[in-house]
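Breakdown of the fold
Each chain is listed here by its residues.
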Amino acid sequence: MTSQYGGTVASDASSLKTTKATPATTAVSRGAPGVNEPADTRGKTSIADVVVVKIAGTAAREIPGIHDMGGGLSRTIGAVRDRVPGGRPNVGRGVKVEVGERQTAIDLDLVVEYGVSITDVAGDVRENVIAAVERITGLEVVEVNITVNDVHLPDDDNEVTPVETRVA
């Protein structure tokens, strides 16, 4: 995949995996077997794509000014799921990743709070996501593409009050 910045995510397109397919993993290090090798290089480390999704989703939500993530339909389904007893929030909602052997590209769908600077929030999200993914996984983040799908207005949280009727 070629990024919008002219770089590539992986050396060959066949090594790319997406979260829409089966749960995929990517090799971060290819260890060499043998008793003469250093302990940290004996074996292979693989990271599932869902790990990158969860790290990126959590890092994006840490930024002030982010109200929610995902498109309209996924937010609606997520709100229903969150209200089901025993249900837990999906931190990966609104996150798509493409992972190669050493690099990853991330797409985020955001809902921002009304009144915040979208460009500032997007820059803060991008910095936090890149730092978290690179620090935790060791993968190089080639790009973080952000789409702002909605703006959360203060009035959106007000519950509808019952209308008084004349008939009992």
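Fair warning: this is a prediction, and the values are worked out from it, not measured in the lab.

Re the pattern of salt bridges
One pass over the structure, following the stated rule, counts three salt bridges. Its salt-bridge partner being lysine 96, residue aspartate 109 comes within 3.7 Å of it at the nearest N-O pair. In this pair, aspartate 109 is assigned in strand β6 (residues 103-113) and lysine 96 in strand β5 (residues 95-99), connecting sequence segments 13 residues apart. Among the residues examined, aspartate 109 registers a relative accessible area of 17% and is labelled buried. Using a relative accessible area of 40% as the deciding quantity, one classes lysine 96 as partly exposed. For arginine 102, the salt bridge identified is with glutamate 101, shortest N-O distance 3.7 Å. When its relative accessible area of 53% is taken as the criterion, arginine 102 is described as exposed. On the basis of relative accessible area, glutamate 101 is assigned to the partly exposed category, the value being 27%.

Topic: helix α3 (residues 118-137)
Quick reminder: α-helices carry 3.6 residues per turn. Residues three or four places apart thus point the same way. Between its terminal C-alpha atoms α3 stretches 28 Å, which fits the 28 Å expected from 20 residues at 1.5 Å a residue. Within α3, burial applies to Val121, Ala122, Val125, Val129, Ala132, Val133 and Thr137. Taken end-on, α3 shows its buried residues confined to a sector of 110°, consistent with a single buried face. In α3, the exposed positions angled more than 90 degrees off the buried face are occupied by Thr119, Asp120, Glu127 and Arg135. One or two residues past the end of α3 sits glycine 138, with phi positive at roughly 85°.

Topic: helix α1 (residues 49-61)
Spanning 13 residues, α1 covers 19 Å between terminal C-alpha atoms, matching the ideal 18 Å at 1.5 Å per step. Buried within α1 are the following residues: Asp49, Val52, Val53, Ile55, Ala56, Gly57, Ala59 and Ala60.

About the criteria used
Residues numbered from 1 in each chain as written. Predicted model: local features only at pLDDT ≥ 70, side-chain atom pairs only at ≥ 80, totals over all residues. Heavy atoms only, no water. Salt bridge = Lys/Arg side-chain N within 4 Å of Asp/Glu carboxyl O. Helix = DSSP H or I, 4+ residues; strand = E, 2+ residues; numbered from the N terminus. Buried < 20%, exposed > 50% of the residue type's maximum accessible area, 1.4 Å probe, protein only. Expected span 1.5 Å × (residues − 1). Arc of directions from axis to C-beta.

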